[in-house]
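Coordinates in review
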Amino acid sequence: MQKLVDLEEPQIWRGAIFRVKGSHPYEELVDFMVVETTDAARPLGIMVATGYSAGHTIVHLQPEAIVLRTKSISTAWLKANWSKWVYPDCPIDQVLFMKNYVI
């Protein structure tokens, strides 16, 4: 895992994981995952991937977050908008990133 703020890739694809320090209603550590939605205007969202709230979609991302003609998120947009659109309880400099779960 690496810090999201250090990520240099321009896009983040479906299946990517963000690990954060959780607060109520989440556990001490919680993972979020980039997922596809059924909303054509907002085709990507962020879902809780671990713990009691696993499977709960917390946000359908804004259209401007999506890289044109892809199913990926702009890394720059996510860094700039983390606390507004995703999870304000964990500062962006403490968010960890991985491309996907490895089995």
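Here is a short report on the structure shown in this document.

How each quantity is defined
- Residues numbered from 1 in each chain as written.
- Predicted model: local features only at pLDDT ≥ 70, side-chain atom pairs only at ≥ 80, totals over all residues.
- Heavy atoms only, no water.
- Phe/Tyr/Trp six-rings, centres within 6.5 Å; stacked < 30°, edge-to-face > 60°.
- Helix = DSSP H or I, 4+ residues; strand = E, 2+ residues; numbered from the N terminus.
- Buried < 20%, exposed > 50% of the residue type's maximum accessible area, 1.4 Å probe, protein only.
- Pairing = 2+ DSSP bridges.
- Contact = heavy atoms within 4.5 Å.
- Axes fitted to C-alpha atoms, helices over the stretch in contact; angles between N-to-C directions.
- Expected span 1.5 Å × (residues − 1).

The subject of this paragraph is the packing of aromatic side chains. For the structure shown, the criterion picks out 5 aromatic pairs. When the ring of F18 is compared with that of F97, the centres are 6.0 Å apart and the planes differ by 45°; the resulting orientation is tilted. Within this pair, whereas F18 is found in strand β3 (residues 17-21), its partner F97 is found in strand β8 (residues 96-98), the two being separated by 79 residues in sequence. What makes F97 buried here is its relative accessible area of 4%. Taken together, a centroid distance of 5.3 Å and an interplanar angle of 55° make the contact between F32 and Y87 tilted. Here F32, found in strand β4 (residues 29-36), pairs with Y87, found in the loop between α1 (75-86) and β8; they are 55 residues apart in sequence, far enough to count as distant. Within the aromatic cluster, the residues linked to one another by ring pairs are F18, W82 and F97.

With respect to topology, 6 strands assemble into an open sheet ordered β1-β8-β3-β4-β5-β6, the strand pairing being antiparallel. With one partner strand each, in any of the chains shown, β1 (2-3) and β6 (57-60) form the two edges of the open sheet. Relative to β8, β1 runs antiparallel, the two being bridged by 2 bridges. If you follow K3 over to β8, its bridge partner there is L96. Each of β3, β5 (44-48) and β6 is contacted by α1, which is oriented at about 60° to β3, the strand it contacts most.

Below, the discussion takes up α1. Think of an α-helix as 3.6 residues a turn; residues three or four steps apart then line up on the same face. The terminal C-alpha atoms of α1, which comprises 12 residues, lie only 13 Å apart, well short of the 16 Å expected from a rise of 1.5 Å per residue. Within α1 the residues assigned to the buried category are T75, W77, L78, N81, W82 and V86. Contact partners of the buried residues in α1: β2 (11-13), β3, β5, β6 and β7 (72-74).

In short, shape yes, function no, at least from these values alone.
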